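Here's the letter readout for the chains.
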Amino acid sequence: MRWMERVSFVKNGVLRLPPGFRFHPTDEELVVQYLKRKVFSCPLPASIIPEGDVCKSDPWDLPGDSGQERYFFSTREAKYPNGNRSNRATGSGYWKATGIDKQIVTSRSNQVVGMKKTLVFYKGKPPRGSRTDWIMHEYRLIGPEQKQISTETGSENWVLCRIFLKKRGNQNEDEIAQAKHYELVQTERKTGPVFYDFLASKRTDLNLAPASSSSGASGVTVVSCHEADEHEESSSCNSLSPLRVRP
């Protein structure tokens, strides 16, 4: 049986997939199927992730479509000769880590095989750079196997990077509107709907006391509903009397 020749989807450092194909791997697949194989020099499932130093260029200048997620095998350069911190400075700014690193766990054995670090791109020089919407997820291997191969081959600097531009606009506005609506519904469930009568200041409140109660102490004239109706009807007739035509 003749095996199908492996196809490369990377041309001149740019990912080019056939029409209808999309590359949407999970975190586990990126670490186990791609990064781990890359570090151990094993055949990859597909030649779909190019190599490149993501810190040599600004994120908008990296190869590929800047409107889509882009993936790269990259190496981490030490910021100092005897330190473990990575140098993530580019021509126009720098990548800054945010949040806590996330463990990547296999679905079958529940074993931690990697870590994901989230970074945000800032324009300018630290610490006064201006934050942008460019995001990078940096995946790295961890575990005894990684320590062993790092000692033997010195390839501990390989990482896999996912870079994308965070989208703003209608989606976030819809989420904010939904959150406000949810708070309003919860408030009405607890307290009931609230109705405001903007004409209350121009007329007597009919609900202050029963019709038979005395208003001498409070100084408020209490009018019964029946008397109010008669008064309203009389006022209405008086207001229309000039328009009547006598026979």
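See above for the structure.
Residues numbered from 1 in each chain as written. Predicted model: local features only at pLDDT ≥ 70, side-chain atom pairs only at ≥ 80, totals over all residues. Heavy atoms only, no water.

1. A word on the environment of K38
- If you trace the backbone, K38 turns up in helix 1 (residues 27-39).
- Counting along the chain gives 120 residues from K38 to W158, while the straight-line C-alpha distance between them is 8.1 Å.
- Contacts of K38, omitting those with residues within four sequence positions, involve L44, E51, F73 and W158. (Helix = DSSP H or I, 4+ residues; strand = E, 2+ residues; numbered from the N terminus. Contact = heavy atoms within 4.5 Å.)

2. Considering the pattern of salt bridges
- With the rule as written, the count across this model stands at eight salt bridges.
- Residues K116 and D27 are paired through a salt bridge, measuring 3.1 Å at the closest nitrogen-oxygen approach. Pair noted here: K116 is in strand 5 (residues 112-123) and D27 is in helix 1, with a separation of 89 residues, a long-range link. Of the two residues examined, K116 and D27, each falls in the buried class. (Salt bridge = Lys/Arg side-chain N within 4 Å of Asp/Glu carboxyl O. Buried < 20%, exposed > 50% of the residue type's maximum accessible area, 1.4 Å probe, protein only.)

3. Regarding the nonpolar core
- With 18 residues, the main nonpolar core has Y34, L35, I48, I49, F73, Y139 and L160 as its most contacted residues.
- Elements with a contribution of two residues or more to this core: helix 1, strand 3 (70-75) and strand 6 (130-141).
- Residue contributions to this core peak at five residues, all from helix 1.
- Beyond its immediate stretch of four places on either side in the chain, L35 contacts L30, F73, Y139, R140, L141, W158, V159 and L160.
- With twelve residues, the next largest nonpolar core counts L62, F72, W134 and M136 among its residues. (Core = buried A, V, L, I, M, F, W, Y, C linked by side-chain atoms within 4.5 Å.)

4. So, the pairing of strand 4 (residues 93-105)
- Where strand 4 and strand 5 come together, ten bridges link them in antiparallel fashion. Across the sheet, the residue bridging to A97 is L119, located in strand 5.
- Between strand 4 and strand 5, which pair antiparallel in sequence order, lie six residues; one of them, N110, sits at a positive phi of approximately 55 degrees. (Pairing = 2+ DSSP bridges.)

5. Regarding the sheet that holds strand 4
- Pairing is antiparallel in the open sheet, where five strands are placed in the order 3-7-6-5-4. The sheet is open, and its two edges are formed by strand 3 and strand 4, each paired on a single side. Put simply, the sheet's adjacent strands are angled 25 degrees from each other on average, direction ignored.
- In terms of strand pairing, strand 6 meets strand 7 (residues 158-165) through six bridges, oriented antiparallel. By the bridge assignment for strand 7, I135 is matched with F164. (Axes fitted to C-alpha atoms, helices over the stretch in contact; angles between N-to-C directions.)

6. Quick notes on helix 1
- Among the residues of helix 1, D27, L30, V31, Y34, L35, K38 and V39 are the ones counted as buried. The buried residues of helix 1 all sit within an arc of 130 degrees when viewed along its axis, so they share a single face.
- Count one or two residues on from helix 1 and you reach S41, which has phi positive near 60 degrees. (Arc of directions from axis to C-beta.)

7. Observations regarding the packing of aromatic side chains
- Counting across every chain of the model gives six aromatic pairs.
- Ring geometry for F73 versus W158: centroids 6.5 Å apart, planes at 85 degrees, classification edge-to-face. Taken as a pair, F73 in strand 3 and W158 in strand 7 lie far apart in primary sequence, 85 residues in all.
- On the accessibility criterion, W158 (21% relative accessible area) is partly exposed.
- Each ring, one from W95 and one from F121, has its centre 5.2 Å from the other, and the planes form 65 degrees; the classification is edge-to-face. Within this pair, whereas W95 is found in strand 4, its partner F121 is found in strand 5, the two being separated by 26 residues in sequence.
- Put simply, the rings of F23, Y34 and Y71 pair up and form one aromatic cluster.
- Over the ring of F73 we find K38; its NZ or CZ atom is 5.3 Å from the centre of that ring.
- The residue whose ring lies beneath K96 is Y122, and the NZ or CZ to ring-centre distance is 5.6 Å. (Phe/Tyr/Trp six-rings, centres within 6.5 Å; stacked < 30°, edge-to-face > 60°. Lys NZ or Arg CZ within 6 Å of the ring centre and 35° of its normal.)

8. Details of the pairing of strand 3
- Of all six residues that make up strand 3, five are buried, and the element is covered over most of its length.
- Taken together, the six bridges between strand 3 and strand 7 define a ladder with antiparallel strand orientation. Considered in strand 7, the bridge of F72 is made with C161.

9. Describing unusual backbone geometry
- Cis geometry is found at the peptide bond from P126 to P127, where omega equals 0 degrees.
- Examined against the element boundaries, P127 turns out to sit in the loop between strand 5 and strand 6.
- The residue S41 is not glycine, and still its phi comes out positive at about 60 degrees.
- Mapped onto the secondary structure, S41 falls in the loop between helix 1 and strand 3.
- Positive phi values are uncommon outside glycine, yet N110 reaches one of about 55 degrees.
- Tracing the backbone through its elements, the reader meets N110 in the loop between strand 4 and strand 5.

Function cannot be read off these values alone, since they describe shape.
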